[in-house]
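Working through the structure, step by step
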Amino acid sequence: MEEQAEKSKMEKLTEELKEMALTLGAFKVGIATTETLAGGPPSTDLTYVLPGAKSAVVFALAFDQNLIEPYFRKKDHKSLDTNKVRTTTLANGIALEMAGFLQQYGYKAAPQLANFVYRQDSENWLLDMPPPYFP
């Protein structure tokens with residue numbers, strides 16, 4: 001009975017997190033677990049960011065599609081670059097909000113900042129590509 005209550009609680013939390021990400025601006029959201037990421041490259045190790053982590057909220061944001069063609073035609077680089085900065089800033093804000101929400105309910109959570117930089121702290125960093133972590 002207690003196991004069923006815990007499962008129901010987690011399902012409710014999962015739905016709240018997904019709705020939160022969508023409300024904050026994501027267009028896709030899901031939950032990745034250590035099981036679903038098993039066998040992936042080292043960069044998918046959730047415990048690298050948060051020791052003991054069992055799952056992660058993942059979400060996607062889109063760049064303004066109208067800015068891509070002018071960018072590739074070399075007519076306008078600045079607009080897409082600006083859009084990238086704004087989208088990355090939004091992604092960071094969503095990650096911070098969601099981590100704070102989880103922490104309020106007593107869960108350990110660490111926001112992973114959106115970026116294009118990978119840590120170079122291993123000999124094979126280009127192959128390992130673990131994400132940077134800012135506690």
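Now for a look at the structure at hand. Computed from a predicted model, the values in this text were never measured in an experiment. (Residues numbered from 1 in each chain as written. Predicted model: local features only at pLDDT ≥ 70, side-chain atom pairs only at ≥ 80, totals over all residues. Heavy atoms only, no water.)

1. Some points on the pattern of salt bridges
Here is the rule: Basic side-chain nitrogens of Lys or Arg form a salt bridge, by our definition, when they fall within 4 Å of a carboxyl oxygen of Asp or Glu. Each residue is placed in one exposure class: buried if its accessible area under a 1.4 Å probe, protein chains only, is under 20% of its type's maximum, exposed if it is over 50%, and partly exposed if it falls in between.
Throughout the structure, instances matching the rule amount to 2 salt bridges. Between Glu 69 and Arg 73 there is a salt bridge; the shortest N-O distance is 2.7 Å. Under the relative-accessibility criterion, Arg 73 is labelled exposed at 53%.

2. So, the nonpolar core
Heads up, the condition is: Throughout, nonpolar core names a set of buried Ala, Val, Leu, Ile, Met, Phe, Trp, Tyr and Cys residues whose side chains join them through atoms within 4.5 Å. Helix numbers and strand numbers start at the N terminus; a helix is a DSSP run of H or I with at least 4 residues, a strand a run of E with at least 2. Residues count as neighbours in contact if any of their non-hydrogen atoms are within 4.5 Å of one another.
Leu 13, Leu 17, Met 20, Ala 21, Ala 26, Ile 94, Met 98, Ala 99, Phe 101, Leu 102 and Ala 109 form the largest nonpolar core, which has 11 residues in total. Among the elements of the structure, α1 (2-24) and α4 (78-104) are those that each provide at least two residues to this core. Element by element, the count of residues in this core is highest for α4, at 5 residues. Residues in contact with Ile 94, not counting those within four places in the same chain, are Ala 21, Leu 24, Gly 25, Ala 26, Phe 59 and Leu 61.

3. Here we look at the packing of α1 against α4
As a reminder of what qualifies: To get an axis, fit a line to the C-alpha atoms, keeping to the stretch in contact for a helix; angles then go from 0 to 180 degrees between the N-to-C directions. Put simply, angles under 35 degrees are roughly parallel, angles over 145 are roughly antiparallel, angles from 65 to 115 are roughly perpendicular, and the rest are oblique. Should the near helix be turned anticlockwise from the far one by less than a right angle, the crossing is termed left-handed; should it be turned clockwise, right-handed. Amino acid classes used here: Ala, Val, Leu, Ile, Met, Phe, Trp, Tyr, Cys and Pro are nonpolar; Asp, Glu, Lys and Arg are charged; the rest, including Gly, are polar.
Direction vectors running N to C along α1 and α4 enclose 150°, while the axes themselves pass 10 Å from each other. When the axis of α1 is compared with that of α4, the two are roughly antiparallel. Pair α1 / α4 crosses with right-handed handedness. Contacts from Leu 13, Glu 16, Leu 17, Met 20, Ala 21 and Leu 24 in α1 reach Leu 90, Ile 94, Glu 97, Met 98, Phe 101 and Leu 102 in α4. A per-class count over the contact of α1 with α4 returns 10 nonpolar, no polar and 2 charged.

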